[in-house]
Amino acid sequence: METYGSIQAYKEVTKQNPNVFQRTFESHERQIRSREYLKTHVFPKADFVFREHFDPESGSNYDLVVAHGGDNHFTYVAHLVGNTHLIGCNSDPDSSVGALLGFTAEELGEAVKHNFKQTKIESWSLLETEIVYPNGTKLKTVPAVCELSIRNNSPDLTSRFWITYLDKKEEQKCSGLLVYTGAGSTGWISSCFPKKFPPFSKHEPFFHVYSREIRVKSRETEFSLADFRALDQVEVISEMNGGLAVDSLTERHYPFPPYAKAVIKLSPEKLFVVVPLKRGESMQDLPYEIEQKRINGTVIVQIKGRMESGPLDRITQTILDEMVGTDRKHLILDFSELRYISSLGIRMILDVKMNLQKRNKEMALVGVTSSILQVFHLLGLSNAFQFFSDREDALKSFEEPSKS
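First things first, this report covers the structure right here in the doc. These numbers were taken from a predicted model, which means no experiment stands behind them.

Attention now goes to the side chain of S159. Residue position: S159 is located in strand β7 (residues 159-165). Looking at S159, its side chain comes within polar contact range of the main-chain nitrogen of N152, at 3.0 Å. Those residues in contact with S159 that sit more than four places away from it in its chain are I150, R151, N152, Q172, K173, C174, S175, G176 and M240.

Rendered as C-alpha cells:
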C-alpha cells in the first residue's frame, strides 16, 4: 500500500501474473489474523507498535519484546532491544521458514499459558564493528545478529580490500566479503561454495569470514584469509567505493569508501532470545551436576558430567547467586569430574570471570584435565584463567599477600 497507493494499483502492477497478487494478499491476511490472535489470546495487555514507531529508549521499560514478522524484522528489532529478552514470532509460517524465529502465534500462546516452562533463554553472539573514515571520523554500527556484508556499491565492479587477521595481511578481489555468526551460518551463507566449515552454534565465542567468488590470477595462488574462523578482531581496509551492510537490512547500510577501515570483533554484549525446548529436552534431564560449598570467603562450585547442551545458563546463574555478598571474595571451579566442555561452556565461564572482576572478586579453576585444557588452548583462552592442580593450591593462592 505504501509503494503503490492502493490494492487496485498493485493488482494492475501484477496483472501479468495474477498469482503473485493472490499469494501476497493471502499472506497479508494471514499475518493480520496472527497479530489479532496475539492481541486477543496471548498478550491482551501488551503494547503493540509498528516497526517505524518502535522506540529503543523505551525498550528497557519492558520485560519482554516479541518481534512479530520474519527473519529480517527480527534482526531489525534485535538491534534495538539491548539486554531485554526477545522472542521471534513467525507471522506467516505458511510462506516463511523463519530460521531465527522460535514460535508461531499459537505456539507462543501455549508457552505463555504454561508460564514458559517448556522454553529456555539462549545467549546469542553479536558482532560489533567500528568504521574509521579517512578524515578520522569514527562510526560504530549497530550490533550484527547474523552477518556483515562488505562489497562494491556497483554490482558490476569487483570488491577490493585489504584484510588483516593476527599476523596475516593480504589484498583480495572478490564479489563480496561475508562476516557471520552462528545465527548467519544457517541462512543464505550456507549456499556459498566451497566452504571449509559447517553451520555452528549461535552462542559460539568466534565468528567466520568468507570471501565470495574470490578472484585469482593463477590457480597456484592461495589465500589464507579467504575462509577462516576468527577468535580475535579482523580489520578490512577498503580499496573501492563500497558499503557495509548489517544483517541484510537497507536501514543498516554504511558507506565504505576508499581507505576507510572496518574493525570487526565479537561484542561483549549478548542477545538474549527465548526459544522453545527441543524435542526430548527437559529442564530436569541435565547432562551435568552442580555441587556447592563454602570455606570462609571462598565459594567452591564443582561441575560434574558434560557442559555441552541443556540450559547452561543455569550454571552461570547458580555461580553468580552463590557469589552474592561482600563476604564472598573468591570462587573455585572444580572441573576434576567434568568429562567434556564445549566452546559455549567456556564462553559462559569467561562471562562469569568478567562479571566477578567487575566486583573485584577472583576466580580459579582446579582439576582441569588435559583434554579440557586443550579446548581452552584452541580458543586462545588458556591465559585468561588461573589453573591449579587442586583446591588446596587455589586456596593458598588467595591467601598470598599479593592477592589480599
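Here we take up the pattern of salt bridges. Taken as a whole, this structure holds 12 salt bridges when the rule is applied. Where E122 meets K120, a salt bridge forms, and the shortest distance between an N and an O atom there is 4.0 Å. No difference in accessibility class separates E122 from K120, as the two residues are buried. Here K270 ties to D351 by a salt bridge, and the two come within 3.0 Å at their closest N and O atoms. Within this pair, whereas K270 is found in strand β15 (residues 261-276), its partner D351 is found in helix α7 (residues 343-358), the two being separated by 81 residues in sequence. Here K270 falls in the buried class, since its relative accessible area comes to 8%. One connected set of salt bridges, linked through shared partners, spans R30, D92 and D94.

Right, let's talk about the side chain of S27 for a bit. Following the sequence through the fold, S27 ends up in helix α2 (residues 18-42). Its relative accessible area of 12% is what places S27 among the buried residues. In this structure the side chain of S27 is engaged in a polar contact, spanning 2.6 Å, whose partner is the side chain of D92. Those residues in contact with S27, other than ones at most four positions away along the chain, are D92 and S95.

This part is about the nonpolar core. Judged by nonpolar contacts, the single largest core of 33 residues is most densely connected at L331, L333, F335, I349 and M363. With 5 residues, the top contributor of residues to this core is α7. Counting contributing residues, this core receives three or more from each of domain 2 (125-268) and domain 3 (288-399). Not counting the four nearest positions on each side in its chain, M363 is found in contact with L331, L333, I349, V352, K353, L356, F385, Q386 and F398.

Across the sheet, which stays open at both edges, the 6 strands sit in the order β11-β10-β9-β6-β13-β14 with antiparallel pairing between neighbours. Edge positions in the open sheet fall to β11 (227-230) and β14 (253-256), since each of these has one partner strand only. Each neighbouring strand pair of the sheet contributes to a mean axis angle of 20°, computed without reference to strand direction. Pairing of strand β6 (residues 147-152) with strand β13 (residues 242-246) involves 5 bridges; the strand directions are antiparallel. When the bridges of β13 are listed, N152 appears paired with G242.

Scoring rules and cut-offs
Residues numbered from 1 in each chain as written. Predicted model: local features only at pLDDT ≥ 70, side-chain atom pairs only at ≥ 80, totals over all residues. Heavy atoms only, no water. Helix = DSSP H or I, 4+ residues; strand = E, 2+ residues; numbered from the N terminus. Polar contact = N/O pair within 3.5 Å; in protein donor to acceptor, adjacent residues only side chain to side chain. Contact = heavy atoms within 4.5 Å. Salt bridge = Lys/Arg side-chain N within 4 Å of Asp/Glu carboxyl O. Buried < 20%, exposed > 50% of the residue type's maximum accessible area, 1.4 Å probe, protein only. Core = buried A, V, L, I, M, F, W, Y, C linked by side-chain atoms within 4.5 Å. Domains from an automatic or database assignment. Pairing = 2+ DSSP bridges. Axes fitted to C-alpha atoms, helices over the stretch in contact; angles between N-to-C directions.

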